[in-house]
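Coordinate inspection notes
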Amino acid sequence: MPLHRAIPKLLLLAALAAGAAVAMPGAARAELRICNQTPSRVGVAVGYRDDRGWVTEGWWNMTPGNCETLLRGALQARFYYIHAIDYDRGGEWGGRHFMCTHQRAFTIRDTGDCQQRGYERTGFFEVDTGDIVTWTVDLTDPGRAPVRR
């Protein structure tokens, strides 16, 4: 077939392919989310291991009933660590995995010698995501185990 006759067919195929791509539902979001299912304002910090080592980040300040995405993109690790504080009623969600935090917004590399480096040594609870690329943690009342989904 001469090229000048093949071009309209190629354009039609390209248009159909583009239309199909638009009509297809978007790819599922990949992320680590946390939802504040309490009547209080809550502060949240997250710890994880990336290609450069351990890092902790915080604070996400959350109002009651809202969700926040802590990490965007497909989850690269199996384990993530969370610490949260109930600002209004007191209490916290913590655990046996100690990492560094700070009273103000922070990104801290490494989990050792927190106090010597001017940070607080804080207990985080572990979230085992298995091989799932999107994970949500629901915070309920402090002292109760968070719900993971």
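As a starting point, this report considers the structure included with it.

Rules used in this analysis
Residues numbered from 1 in each chain as written. Predicted model: local features only at pLDDT ≥ 70, side-chain atom pairs only at ≥ 80, totals over all residues. Heavy atoms only, no water. Helix = DSSP H or I, 4+ residues; strand = E, 2+ residues; numbered from the N terminus. Polar contact = N/O pair within 3.5 Å; in protein donor to acceptor, adjacent residues only side chain to side chain. Contact = heavy atoms within 4.5 Å. Core = buried A, V, L, I, M, F, W, Y, C linked by side-chain atoms within 4.5 Å. Buried < 20%, exposed > 50% of the residue type's maximum accessible area, 1.4 Å probe, protein only. Phe/Tyr/Trp six-rings, centres within 6.5 Å; stacked < 30°, edge-to-face > 60°. Lys NZ or Arg CZ within 6 Å of the ring centre and 35° of its normal.

Tracing the sequence through the fold places Thr38 in the loop between strand 1 (31-36) and strand 2 (42-50). Within the local environment of Thr38, its side chain forms a polar contact with the backbone nitrogen of Ser40, the two atoms lying 3.1 Å apart. Residues in contact with Thr38, not counting those within four places in the same chain, are Pro64, Gly65, Arg89, Trp93, Leu139, Thr140 and Asp141.

All right, on to the nonpolar core then. Counting 22 residues, the largest nonpolar core has Ile34, Val44, Leu70, Ile82 and Leu139 as the members making the most contacts within it. Those elements that place two or more of their residues in this core are strand 1, strand 2, strand 3 (53-62), strand 4 (67-72), strand 5 (79-86), strand 9 (120-128) and strand 10 (135-139). Broken down by element, the residue count for this core peaks at 4 residues, all from strand 2. What Ile34 contacts, discounting residues up to four positions off in sequence, is Val44, Met62, Asn66, Cys67, Glu68, Leu70, Ile82, Val137 and Leu139. Listed in part, the 9 residues of the second largest apolar core include Trp59, Tyr81, Met99 and Cys114.

We now examine the packing of aromatic side chains. Enumeration according to the criterion identifies 3 aromatic pairs in this entry. Note on Tyr48 and Tyr80: the rings are 6.3 Å apart at their centroids and 40° apart in plane angle, and the pair reads as tilted. Of this pair, Tyr48 sits in strand 2 while Tyr80 sits in strand 5, and the two are 32 residues apart along the sequence. For the ring pair Trp54 and Tyr81, a centre distance of 5.7 Å and an interplane angle of 65° mean the geometry is edge-to-face. Taken together, the positions of Trp54 in strand 3 and Tyr81 in strand 5 put the pair 27 residues apart, joining distant regions of the chain. For Tyr81, a relative accessible area of 7% translates into the label buried. For Arg121, the ring lying beneath its charged end belongs to Phe98, and the centroid distance is 3.9 Å.

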